[in-house]
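# A closer look at the structure
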Amino acid sequence: VLSTSPLGPNFPFSGIDDRENWPTVFYNRTCQCQGNFMGFNCGDCKFGFTGANCTVRRRLIRKEIFRMTTAEKDKFIAYLNLAKRTISSDYVIATGTYEQMNNGSNPLFADINVYDLFVWLHYYSSRDAFIEGGQVWTDIDFAHEAPAFAPWHRYFLLRWECEIQ
């Protein structure tokens, strides 16, 4: 459920930037996962779970990169390179604003590789805001200058790790 609270004074514009009403600007429905399932289609296990029914607890420990062996570093780099060459089977990216898409009647989306998808997600959340008259507001970075900095980046990195795994 989206908040209907008015925007704060730090964002005096409305109705232009498609992130303002995310995700309803692009989607009109979503699913709610049950049990330990998550994801856009409830087909993934929540973080910390694995197995056919997502009931097996899974503990992952990140190894500090400076403590990795040469073989472990090579494997990590190989997975990054694979992500660069693998088109995402689940996601596409918007190549235009909601306004350019004519309220959704002119879809502007493109396939993207897994690595660049995460680059795009980070860019999309922190890019300048579009405002009235086709201008750009450069005075705010919602991803880095807002209260959600830590939880957003934590979730972002967890999703990235799941993709690489």
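First, a word on scope: everything that follows refers to the structure included in this document. Because the structure is a prediction, the values reported are computed rather than measured. Sequence order as written defines residue numbering, which begins from 1 separately in each chain. With pLDDT at 70 or above as the cut-off, local features in this predicted model cover only qualifying residues; side-chain atom pairs require 80 or more to be listed or tallied, and sums for whole chains, interfaces and linings still use all residues. Hydrogens and waters are ignored; side-chain quantities use all the structure's heavy atoms.

## Side note on the side chain of asparagine 113
Stated formally: Numbering goes from the N terminus for both helices and strands, where a helix is a DSSP run of H or I of at least four residues and a strand is a run of E of at least two. Partly exposed residues are those whose accessible area sits between 20% and 50% of the maximum for their type, while under 20% is buried and over 50% is exposed, using a 1.4 Å probe and protein chains only. Within 3.5 Å is the distance limit for a polar contact, defined as a pair of N or O atoms, with the added protein rule that one can donate a hydrogen and the other accept it, and that residues adjacent in sequence qualify only through two side-chain atoms. Residues count as neighbours in contact if any of their non-hydrogen atoms are within 4.5 Å of one another.
Note on placement: asparagine 113 falls in strand β6 (residues 109-113). By relative accessible area, asparagine 113 is classed as buried at 12%. Of the polar contacts made by the side chain of asparagine 113, one reaches the backbone nitrogen of aspartate 116; its length is 2.6 Å. Not counting the four nearest positions on each side in its chain, asparagine 113 is found in contact with Ala83, Lys84, Thr86, Ile87 and Ser88.

## Some words on unusual backbone geometry
The residue cysteine 42 is not glycine, and still its phi comes out positive at about 60°. Relative to the helices and strands, cysteine 42 is located in the loop between β1 (37-38) and β2 (44-45). Backbone geometry at cysteine 54 places phi at a positive 55°, although glycine is not the residue there. If you trace the backbone, cysteine 54 turns up in the loop between β3 (49-50) and β4 (56-57).

## Focus on the packing of aromatic side chains
The following threshold applies: Here a Phe, Tyr or Trp ring, Trp counted by its six-membered ring, pairs with any other such ring whose centre lies within 6.5 Å, and the pair is stacked when the planes are under 30 degrees apart, edge-to-face when over 60, and tilted otherwise.
A full pass over the atoms with the stated rule returns 7 aromatic pairs. Seen from their ring centres, phenylalanine 40 and tyrosine 91 are 5.5 Å apart, and the 65° between their planes marks the pair as edge-to-face. Highlighted residues: phenylalanine 40 in the loop between β1 and β2 and tyrosine 91 in strand β5 (residues 87-94), separated in sequence by 51 residues. Residue classification places tyrosine 91 among the partly exposed residues on the basis of a relative accessible area of 32%. For the pair phenylalanine 118 and phenylalanine 156, a centre-to-centre distance of 5.7 Å together with 65° between the ring planes defines the contact as edge-to-face. Of the two residues, phenylalanine 118 is situated in helix α2 (residues 114-126) and phenylalanine 156 in helix α3 (residues 149-164); the sequence distance between them amounts to 38 residues. Phenylalanine 156 shares its class with phenylalanine 118; the two are buried. Through successive ring pairs, a cluster of aromatic residues spans Tyr115, Phe118, Trp152, Phe156 and Trp160.

## Digging into a nonpolar patch on the surface
Applied cut-off: Exposure above 30% relative accessible area and no salt bridge define the residues that can form patches, which grow by joining like charges within 9 Å and nonpolar side chains of Val, Leu, Ile, Met, Phe, Trp and Tyr within 5 Å. Only the protein chains shown count as cover for residues, and all accessible areas are computed by the Shrake-Rupley method using a 1.4 Å probe. Whenever Lys or Arg places a side-chain nitrogen within 4 Å of a carboxyl oxygen from Asp or Glu, that contact is recorded as a salt bridge.
A contiguous nonpolar patch, built from Ile65, Phe66, Phe76 and Ile77 and spanning about 410 Å² of accessible area, is present on the exposed surface. Mapped onto the secondary structure, phenylalanine 76 falls in helix α1 (residues 70-85).

## Points about the side chain of histidine 153
Looking at where histidine 153 falls in the secondary structure, it is placed in helix α3. Under the relative-accessibility criterion, histidine 153 is labelled buried at 15%. When sequence neighbours within four positions are dropped, the list of residues in contact with histidine 153 reads His122, Ala143 and His144.

## Here's the deal with the packing of α1 against α2
How we decide: With axes taken as lines fitted to C-alpha atoms, and helix axes fitted only over the stretch in contact, angles between N-to-C directions fall between 0 and 180 degrees. When an angle is under 35 degrees it counts as roughly parallel; over 145 it counts as roughly antiparallel; between 65 and 115 it counts as roughly perpendicular; any other value is oblique. We call Asp, Glu, Lys and Arg charged. Ala, Val, Leu, Ile, Met, Phe, Trp, Tyr, Cys and Pro are nonpolar, and the rest, Gly among them, are polar.
Between α1 and α2, the least distance of the axes is 5 Å, while the angle of their chain directions is 85°. As summarised for this structure, α1 and α2 are arranged roughly perpendicular, according to the angle between their axes. Contacts between α1 and α2 involve Leu80, Ala83 and Lys84 on the former and, on the latter, Val114, Tyr115 and Asp116. Considered class by class, the residues forming the contact of α1 with α2 number 4 nonpolar, no polar and 2 charged.

## Side note on the state of the cysteines
Rules: Cysteine sulfurs are considered disulfide-paired once they come within 2.5 Å of each other.
One pass over the structure, following the stated rule, counts 2 disulfides. Here cysteine 33 pairs with cysteine 42 through a disulfide, and the sulfurs are 2.2 Å apart. Here the disulfide of cysteine 33 and cysteine 42 is left-handed, its torsion about the S-S bond being about -90°. The connectivity of the disulfides in the protein is 1-2, 3-4, where the numbers refer to bonded cysteines in sequence order. Lacking any disulfide linkage, cysteine 162 is separated from the closest cysteine sulfur, that of cysteine 45, by 9.4 Å. Note on cysteine 162: relative accessible area 34%, which makes it partly exposed.

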